[in-house]
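Residues per chain, in single letters:
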Amino acid sequence: MIKIFCLYFQALDEVYKKPMYSTDYVEKLYNGFKKHCKTDFEFICYSDTPVKADKVIPLPKDSVIKRHWHKLKFFDKEFTGDGDIIVLDIDQVVVNDITEMVNYPVSDNELVSYTKWWTSNKENIPINGGWYKFKAGSLKFVHDKYMSNPEKWQTHYFNNRTVHYKYYGEQNFVYDTVVENGGKVTTMPSKWASKYDMDEFNGAKIIHNAGVDK
């Protein structure tokens, strides 16, 4: 059975001083998979708040780990257990049969994602951190490198001006670490994922909110 992980936390938006996302985002994502996925899966949320999922794992409320950097816990096999792992951002909605994406083949030492749309800068990473698929434990070096100095890495990409917001850059870290360790990075067909405000969703299986500055 494939394990689908997501992260929910009651972080405050820096501008509006209120939670960035409600628990409804998790519920809609969960319901979308239940409706549009024909393969067996377990939907697991790492959360500091009660949410709708097959399983909820308590997220520590007091930690040096900030915001979405908690996602790197999913690269630790001792946390996830065996099997194929999919890691999702919650600001997505499943709109069509997603079985083909869920079952997309993945090998040891490989990261499967989908492409991003918010920059044409060829020097930037080619993946979208909203979807990772990998075999449990095969990319443990991502977790280990981060945990060697989490406070350094979660501001690294802001400090070197790769990203424009503090505590962003988690997907940059994942991509860079997989590549530097000789891992394979694969992107699925771009038509399967679409930005939420694009005019047409033809062929899309999942819609991803644009997010900040995207």
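The structure reproduced in this document is the subject of the present report. Since we're looking at a predicted model, the values are computed, not measured.

What the rule picks out here adds up to nine salt bridges. D54 is the partner of K34 in a salt bridge, and the nearest nitrogen-oxygen pair spans 3.7 Å. Note that K34 is positioned in helix α1 (residues 24-36) and D54 in the loop between β2 (41-47) and β3 (55-58), a separation of 20 residues in sequence. The residue K135 makes a salt bridge to D84 at a minimum N-O spacing of 2.8 Å. Here the residue K135 occupies a position in strand β7 (residues 127-135), and D84 occupies one in strand β4 (residues 84-88), the gap between them amounting to 51 residues. Looking at K135, the relative accessible area reads 26%, which means it is partly exposed. One network of salt bridges, in which partners are shared, links K71, D89 and E170.

Quick look at the sheet that holds strand β10 (residues 206-208) now. Read from one edge to the other, the open sheet built from three strands follows the order β5-β10-β9, with strand pairing classed as mixed. The open sheet terminates on both sides in strands that have one partner only, identified here as β5 (92-94) and β9 (193-195). Each adjacent strand pair in this sheet contributes to an overall mean axis angle of 25°, direction not counted. Here three bridges tie β9 to β10, and the two strands are oriented parallel to one another. By the bridge assignment for β10, S194 is matched with I207.

Cut-offs and rules
Residues numbered from 1 in each chain as written. Predicted model: local features only at pLDDT ≥ 70, side-chain atom pairs only at ≥ 80, totals over all residues. Heavy atoms only, no water. Salt bridge = Lys/Arg side-chain N within 4 Å of Asp/Glu carboxyl O. Helix = DSSP H or I, 4+ residues; strand = E, 2+ residues; numbered from the N terminus. Buried < 20%, exposed > 50% of the residue type's maximum accessible area, 1.4 Å probe, protein only. Pairing = 2+ DSSP bridges. Axes fitted to C-alpha atoms, helices over the stretch in contact; angles between N-to-C directions.

Function-wise, these values are silent; they only describe arrangement.
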